[in-house]
Amino acid sequence: MAWTSPFSLPGAWYRGNLHAHTTQSDGLFSPEEVTAFYRSVGYDFMAITDHWVYTAGTRSADGSWITIAGSELHGEGYHMLTVGTSGLPDRALAADPAVLAAEVARLGGLAFYAHPYWTGQTYDKLVTTPAVLGIEVYNGVCDQEVGLGYSRNEWDEALCTGKQLYGLATDDGHGGGGHKALGWVMVRATELEEGAIIEALRKGNFYSSNGPAITDLRLTRQDGKPALVVRCSPCRSITLYAAMPMGRRINAPEGGLITSAVLGVFPEQRFVRVECEDATGHVAWSNPVFMEDLLD
Ligand SMILES: [Zn+2]
Ligand SMILES: [Zn+2]
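Residues numbered from 1 in each chain as written. Chains lettered and ligands numbered in written order. Predicted model: local features only at pLDDT ≥ 70, side-chain atom pairs only at ≥ 80, totals over all residues. Heavy atoms only, no water.

Caption draft 1: Region of the structure containing the sheet that holds strand S13 (residues 225-235). Strand order in the open sheet formed by three strands is S12-S13-S16, with antiparallel pairing between adjacent strands. The open sheet is flanked by strand S12 (214-222) and strand S16 (258-264), the only strands paired with a single partner. Averaged over all pairs of adjacent strands, the angle between their axes in this sheet comes to 20 degrees, without regard to strand direction. Relative to S13, S12 is paired through eight bridges, and the arrangement is antiparallel. By the bridge assignment for S13, Leu 217 is matched with Val 230. (Pairing = 2+ DSSP bridges. Helix = DSSP H or I, 4+ residues; strand = E, 2+ residues; numbered from the N terminus. Axes fitted to C-alpha atoms, helices over the stretch in contact; angles between N-to-C directions.)

Caption draft 2: Spatial organisation of the pairing of strand S5 (residues 70-75). Looking at chain direction, S5 and strand S6 (residues 78-83) are connected through six bridges and run antiparallel. Bridge assignment links His 74 to a residue of S6, and that residue is His 79. Turn length for the S5-S6 hairpin, with the two strands adjacent in sequence and antiparallel, is two residues, and the turn residue Gly 77 shows positive phi of about 85 degrees.

Caption draft 3: Structural context of helix H1 (residues 31-40). Every buried residue of H1 is accounted for by Pro 31, Val 34, Thr 35, Phe 37 and Tyr 38. Looking straight down H1, one finds that the buried residues subtend no more than 150 degrees of arc, so they occupy a single side. The outward face of H1, more than 90 degrees from its buried face, is lined by the exposed residues Glu 32 and Ser 40. The inward-facing, buried residues of H1 abut strand S1 (12-17), strand S2 (45-47) and strand S4 (66-68). Backbone geometry just downstream of H1 places Gly 42 in the positive-phi region, at approximately 90 degrees. (Buried < 20%, exposed > 50% of the residue type's maximum accessible area, 1.4 Å probe, protein only. Arc of directions from axis to C-beta. Contact = heavy atoms within 4.5 Å.)

Put into structure tokens, the structure is as follows:
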């Protein structure tokens, strides 16, 4: 299906955390305390994702804040983040992640693999579950506690097989040392309402970040050939990832920062995704687009 950049869609950008634990499972703070933290640091929405506990969505009286339904499920060798379901799947289904993810979809929700690097999930285990929409490319707690928060290689290897997977940045906070805003998604939606956020996530109309902002991403032509224009907050590099090794990195001049890049795209790349890295090493990730959609 022809790609439409989320940056050209009507609506607004909403910032959210899709992975958080509370006293309902192994977190240190109550759901009320955790949601109060994210509201206080400028988020628009979040999901409370306790282990095998279903937490339904809520909406503030003035509509300026929502939570969306969430849970974190697991079985042998995987953790699965779910949002937007109408309830919790039967735990017996966890023996097969493909069956569990299909049940999540049947319940109206979205399934993502949490922290593949931390779990030891290699790319081949990410591509055999059709109903799984994406992975956490960044998990804040896995990075801070054991250095296993970034799952870029697993993501690219899976994408190279032709499997579309979106990339989430999340916190996975349990409250040790206090809750922190480490990674988030920026969702392009028509309104701050659970159904609209879930549909935007389902279509990939979001980007992820643990620091910088992407401010535009669209298809253009350069010297008569297709190219992607990327705009972002000041960064030291903008990188196009593609089927290996056909990507390209644009570096800022020594001591400087850049806020845009134009990167050529061609069918042999098979898919492209963009990373913008700021001067402190923090990153914003676009979702991948496959060439049959981009150059349709
Ligand atoms: Zn987990
Ligand atoms: Zn978790």
